[in-house]
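Notes for the structure review
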Amino acid sequence: MTRHHSDILIVGGGMVGLCIAHQLLERGITKSITVLDKEPELGRHSSGRNSGVLHAGLYYKPASVKARVCVSGARRLRAWVEERGLPLNACGKLIVPPRLDLDCQLDVLAERGRANGAVVELWDEIQLRQLVPEARSASGRALWSPNTAVVKPITVVRRLQQELEEWGVRFLQAQKGWTVNPEQQHLLLEDGTALDFGHLFNCAGLQADRVARSFGVGHQYTLLPFKGLYWQLKHDCPIQPCCNLYPVPDLNVPFLGVHFTPSAESTSVVSIGPTATPAWGRENYRGLQAIELNMAAANLAVLAQQYFANRGGFRRYVHEQAFLALPPLLLRAAQQLIPTIRAEHLELSSKVGIRSQLFNHSTQRLEDDFLCLPGPASTHVLNAISPAFTASFALADLILDQASPELNLG
């Protein structure tokens, strides 16, 4: 039997896991790090399928974990990208109310943004029209976030992995199956390789709750997957917004609604989406691919219960967002922001992702913040949803600060 020992074993080579490895090195904690991933290439799931938007920190309640890490994390990731000359579109973001009754939410977002350290400006209709002439605001007002930018996520993930490998981090990929003995701090791969660890970080993203349960942690939590489909503007469409254009969100549910996002490519492609439709599996990106029938049935029962209880206004999510995968409904949502968009301007994008939202069975609510749970010789990062990609460097520092008293690197 082949045996390896690492001070730190990280399960999941997405952006959060990679940044934990980076910060372990940056802070001089240890160089003995192994990253374990079930895919042959990193970035096949949430991190590589991310929208690439570096969020400015407008949406999150002050004092929440998201608020604490978003602004500084975005600043650090943007600087990291710029230092390496990777693709970046410093286009900013406009948020407009599609209905008059949502105008007051602009003031709420502006207040939150400033409290979180973000730069925001309230604009009038003249300023809005100067930047995006086709955009519509029901009240004539908009919120401008100049520091919102867009990167190419898969490029970021691959470059970060390359640098970590150069610094001596060991990557074990295409490892779909393993068993763990938490008390003995020992993990056994399917090929018989044994991995001993001082401390394990569970950064498994879409599978994080399942990994946590193998350590006896987080039994009250389940990840509910929502599929995010995108459409995009055709290259010959006469309307090509130059910045992110978002609707005022319903702050009671964890989805931001259909929006326009220009890419970081040299020839920018403007995406429209994503949808937030319940998925039939945690990796059910297309058609019948990776369907998990038992999981889907259990999750639909949870969602039905939430609908009838209407906790946190969940019924509005169902009415306004759950069926946006239907093209006519998505087009109608897009036309609330740019009324002159027509069906002939759109084509289906190849971009699709799964966002797994953490459900707490004890409180019967969706968790709206990052969650990090301690376990035996382990730390479990659950609900690493947006803005986890944006905040990844700052979030990694926060996770390490929380875990440091428990690290056993002897």
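Everything here concerns the structure above.
As the structure is a computational prediction, the values presented were derived from the model and not from experiment.

On to the pattern of salt bridges, then. Following the criterion strictly, the structure yields 21 salt bridges and no others. Between E39 and R44 there is a salt bridge, with the nearest N and O atoms lying 3.5 Å from each other. Close ionic contact of E265 with K152 constitutes a salt bridge, the shortest N to O distance being 3.5 Å. Within this pair, whereas E265 is found in the loop between β15 (259-262) and β16 (270-273), its partner K152 is found in the loop between β8 (149-151) and α5 (153-166), the two being separated by 113 residues in sequence. Exposure remark for E265: the relative accessible area of 38% places this residue in the partly exposed category. Three or more residues are tied together by salt bridges with common partners; here these are K38, E39, E41, R44, K176 and E283.

Taken together, the buried positions of helix α9 (residues 327-337) are L330, L331, A333, A334 and L337. The arc that holds every buried residue of α9, seen down its axis, measures 160 degrees, which confines them to one face. Relative to its buried face, α9 has exposed residues pointing more than 90 degrees away, namely P328 and R332. Those residues of α9 that are buried are in contact with β5 (93-96), β13 (221-233), β14 (244-247), β15, β16 and β18 (346-360).

Successive residues of a regular strand alternate their side chains across the two faces of the sheet. Of all nine residues making up strand β12 (residues 194-202), nine are buried, and the element is well covered by its neighbours. Inspection of the sheet shows strand β11 (residues 186-189) paired to β12 by three bridges, in the antiparallel sense. Looking at β12, one finds that L188 is bridged to A194. With three bridges joining them, β12 and strand β21 (residues 378-382) adopt parallel strand pairing. For L200, the partnering residue across the bridge sits in β21 and is S378.

Calculation criteria
Counting restarts for each chain, with residues numbered from 1 along the sequence as it is written. Local features in a predicted model are, by the rule used here, given only for residues with pLDDT of at least 70; side-chain atom pairs are given and counted only at 80 or more, and totals for whole chains, interfaces and linings are based on all residues. Heavy atoms throughout the structure, all of them, feed into the side-chain values; hydrogens and water do not. By convention in these notes, a salt bridge is any Lys or Arg side-chain nitrogen within 4 Å of a carboxyl oxygen on Asp or Glu. Note on conventions: DSSP H or I runs of at least 4 residues are helices, E runs of at least 2 residues are strands, and numbering of each starts at the N terminus. Burial classes: relative accessible area under 20% of the type maximum marks a residue as buried, over 50% as exposed, and values in between as partly exposed (1.4 Å probe, protein chains only). Starting at the helix axis, one direction is taken to each C-beta atom, and the arc is that of these directions. Here a residue-residue contact requires only that any non-hydrogen atoms of the pair lie within 4.5 Å. At least two bridges found by DSSP between two strands are what make those strands a pair.

All we've got here are geometric facts, nothing functional implied.
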